[in-house]
Amino acid sequence: MTLISVIIPAYNAQKTIKETIESVLKQTFPDFELIIINDGSQDSTLEIIQEIKDPRIRVFSYQNSRQAVSRNRGISRATGEYIAFLDADDLWTPDKLEKQLTALQTNPEAAVAYSWTNWIDESSQFLRRGSYLSFNGYVYPQLLQINFLENGSNPLIRREALETVGGFEPSLTPAEDLDLYLRLAARYSFIAVQSPQILYRVSSDSMSANLDNLESACLRVFARAYTDAPESLLPLKSYSLGNLYKYLTFKALAGTPKSKDSFAAAQYFWQAVKNDPQLLKARVSLKLLLQIATILILPAQEAQNLLRKSKLNNLNPLLGYIKLKTD
């Protein structure tokens, strides 16, 4: 029996799956099994996986059922005392498993260890740092407001805790990660590894794709969470929603947005302001509104040229206004 089970769901991941697998095989902690769930890939994903020879790799193929189901299938196949998930386009630094395992073994009261995230592009080049937030112990109030784990490739989880709260809820895709983390945080302590060990890949296809689905799923996650949350946490809901819509606004305008993305960004921004009126006083809000207007008024190429020259397309400061209620 291995100590850690690593689960990678893979669907049409031929561009990235080899590099992702290699980032697991390079881990400084070697006692793991790597379970790859081939989720009905139609490209050469399976062939690439089969070319990699390592006795720790186990591959299972199914008809396409999407990521949450694939992760649950991986859990059912896992034998490890600890479980980690890695998306087929993300990467880990070599010390990820070792440091997270040490954190959990040093803090036996904790059920989840997580690290910081950096964002990378399609060529695995650094784009920007993540939030670098660290909360330890009972983190449920903070997690309700900000998903400081940031992605599904981050935590190492004690298997016993995962089995207690249940696996991923497929009906909440693409926010099933946040839903699981909240269920874990309601019952168990978390421990932070203060090091950027997750490299989260952002592709051109994912910049503004499926934001309506993400919005809908997150709203359902929050509805479930606040229904079960203690009454003392109900005032946090405006922070949850305000932060969600700031992030959606940023995502809608990331990359090379089109007119439809700007319309969506305007709607998300309005919802962000409704939940955080102070946002209107921020300098980044004027910048954001000018960017939206530029994309809507000018032809696409002219708009992008103007935004690049004026640096209006850098909206990273907007993420700095994602905030926590501290009192």
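Residues numbered from 1 in each chain as written. Predicted model: local features only at pLDDT ≥ 70, side-chain atom pairs only at ≥ 80, totals over all residues. Heavy atoms only, no water.

**Q** In this structure, what is going on with the overall build of the protein? I would like to understand it.
**A** In terms of helices and strands, the protein carries 13 helices and nine strands. Taken over the C-alpha trace, the protein has a radius of gyration of 20 Å; the compact-globule value for 327 residues is 20 Å, and the two agree within 12%. Here the protein holds 327 residues, and the buried ones make up 52% of them. Accessible surface for the protein amounts to roughly 15100 Å². Of this, 52% is attributable to carbon and sulfur atoms. A gap of 6 Å separates the mean positions of the 35 positive and 34 negative side-chain charges of the protein. (Helix = DSSP H or I, 4+ residues; strand = E, 2+ residues; numbered from the N terminus. Rg over C-alpha atoms; globule rule 2.2 N^0.38 Å. Buried < 20%, exposed > 50% of the residue type's maximum accessible area, 1.4 Å probe, protein only. Areas by Shrake-Rupley, 256 points an atom, 1.4 Å probe, with all protein chains shown as cover. Lys, Arg positive; Asp, Glu negative; His and termini not counted. Charge placed at Lys NZ, Arg CZ, Asp CG, Glu CD.)

**Q** Looking at this structure, how should I read the nonpolar core?
**A** As a rule of thumb, nonpolar side chains are buried together in soluble globular proteins. One finds Phe85, Tyr140, Leu143, Phe148, Leu182, Leu184 and Phe190 to be the most contacted residues of the largest nonpolar core, which totals 71 residues. Here this core takes eight residues from helix α8 (residues 211-228), the largest share from any one element. Leaving out residues up to four positions away in the same chain, Phe85 has contacts with Ile7, Arg71, Ile75, Trp92, Gly152, Ser153, Asn154, Pro155, Ile157, Leu162 and Phe168. Core analysis: the next-biggest nonpolar cluster, separate from the first, contains 32 residues, Ile36, Ala88, Leu101 and Ala110 among them. (Core = buried A, V, L, I, M, F, W, Y, C linked by side-chain atoms within 4.5 Å. Contact = heavy atoms within 4.5 Å.)

**Q** What am I meant to see in the environment of Asp43 here?
**A** By the secondary structure assignment, Asp43 is in the loop between β2 (32-39) and α2 (45-51). Linking Asp43 and Gln100, residues 57 residues apart in sequence, is a C-alpha distance of 33 Å. Beyond its immediate stretch of four places on either side in the chain, Asp43 contacts Asn12, Ala13 and Gln14. From its side chain, Asp43 meets the backbone nitrogen of Ala13 in a polar contact 3.4 Å long. Polar contacts involving the side chain of Asp43 include one to the side chain of Thr45, which spans 2.7 Å. (Polar contact = N/O pair within 3.5 Å; in protein donor to acceptor, adjacent residues only side chain to side chain.)

**Q** Just to check I follow, could you spell out the pairing of strand β9 (residues 189-201) for this structure?
**A** Successive residues of a regular strand alternate their side chains across the two faces of the sheet. Sheet analysis places strand β5 (residues 91-92) next to β9, joined by two bridges and oriented antiparallel. Of the residues in β9, the one forming a bridge with Leu91 is Leu199. Here strand β6 (residues 110-120) runs beside β9; their pairing, made up of 10 bridges, is parallel. Residue Trp116 lies in a different strand from β9, and its bridge partner there is Pro196. (Pairing = 2+ DSSP bridges.)

**Q** I would appreciate a short explanation of the side chain of Thr16 in the present structure.
**A** Within the secondary structure layout, Thr16 lies in the loop between β1 (4-10) and α1 (17-25). Not counting residues up to four positions away in its chain, the partners in contact with Thr16 are Ala88, Asp89 and Arg201.

**Q** Is there a simple way to explain the packing of α8 against helix α9 (residues 237-252) in this structure?
**A** The description of two helices packed together rests on the angle between their axes and the distance between the axes. For the pair α8 and α9, the least separation of the axes is 11 Å and the interaxial angle reads 170°. Looking at the two axes, α8 sits roughly antiparallel to α9. You can see that α8 and α9 cross each other, and the crossing is right-handed. Along the contact surface, α8 presents Leu211, Leu214, Glu215, Cys218, Leu219, Phe222 and Tyr226, while α9 presents Lys237, Ser240, Leu241, Leu244, Tyr245, Tyr247, Leu248, Lys251 and Ala252. Each residue belonging to the contact of α8 with α9 can be placed in one class, and the counts come to 12 nonpolar, one polar and three charged. (Axes fitted to C-alpha atoms, helices over the stretch in contact; angles between N-to-C directions. Parallel < 35°, antiparallel > 145°, perpendicular 65-115°, else oblique. Left-handed = near helix turned anticlockwise from the far one by under 90°. Nonpolar A, V, L, I, M, F, W, Y, C, P; charged D, E, K, R; others polar.)

**Q** Sorry, what's going on with helix α7 (residues 176-185) here?
**A** An α-helix turns once per 3.6 residues; consequently, residues spaced three or four apart project the same way. The buried fraction of α7 is high, at 10 of 10 residues. Residues Glu176, Asp177, Leu178, Asp179, Leu180, Tyr181, Leu182, Arg183, Leu184 and Ala185 constitute the buried set of α7.

**Q** For this particular structure, what's the right way to read the packing of aromatic side chains?
**A** The description of an aromatic ring pair uses the distance of the two centres, along with the angle that the planes make with each other. One pass over the structure, following the stated rule, counts eight aromatic pairs. Geometrically, the ring pair formed by Trp116 and Tyr132 is stacked, given 4.6 Å between the ring centres and 10° between the ring planes. With Trp116 in strand β6 and Tyr132 in the loop between β7 (126-129) and α5 (140-145), this residue pair connects regions lying 16 residues apart in the sequence. What links up through ring pairs into an aromatic cluster is the set Tyr114, Phe135, Phe148 and Phe190. The aromatic ring of Phe168 is capped on one face by Arg71, whose charged end is 4.8 Å from the ring centroid. (Phe/Tyr/Trp six-rings, centres within 6.5 Å; stacked < 30°, edge-to-face > 60°. Lys NZ or Arg CZ within 6 Å of the ring centre and 35° of its normal.)

**Q** When you look at helix α4 (residues 96-106) in this model, what are you seeing that I'm missing?
**A** When α4 is considered as a whole, its buried residues turn out to be Lys96, Leu97, Gln100, Leu101, Ala103 and Leu104. Along the long axis of α4, the arc covered by the buried residues comes to 155°, so they all point the same way. (Arc of directions from axis to C-beta.)

**Q** Would you explain the pattern of salt bridges in this entry?
**A** It is possible for side chains bearing opposite charge to pair when their charged atoms get close. Scanning the entire structure with this criterion turns up 13 salt bridges. Residue Asp54 pairs with Arg56 through a salt bridge whose shortest N-O separation is 3.0 Å. Classification of Arg56 by relative accessible area gives partly exposed; the value is 21%. Asp276 is paired through a salt bridge with Lys323; the nearest N and O atoms lie 3.2 Å apart. Of this pair, Asp276 sits in the loop between α10 (259-275) and α11 (283-297) while Lys323 sits in the segment after α13 (316-319), placing them 47 residues apart in sequence. On the basis of relative accessible area, Asp276 is assigned to the buried category, the value being 9%. Using a relative accessible area of 34% as the deciding quantity, one classes Lys323 as partly exposed. Where salt bridges share partners, they join Arg71, Asp87, Glu176 and Asp177 into one cluster. (Salt bridge = Lys/Arg side-chain N within 4 Å of Asp/Glu carboxyl O.)

Nothing here speaks to function; it is all geometry.
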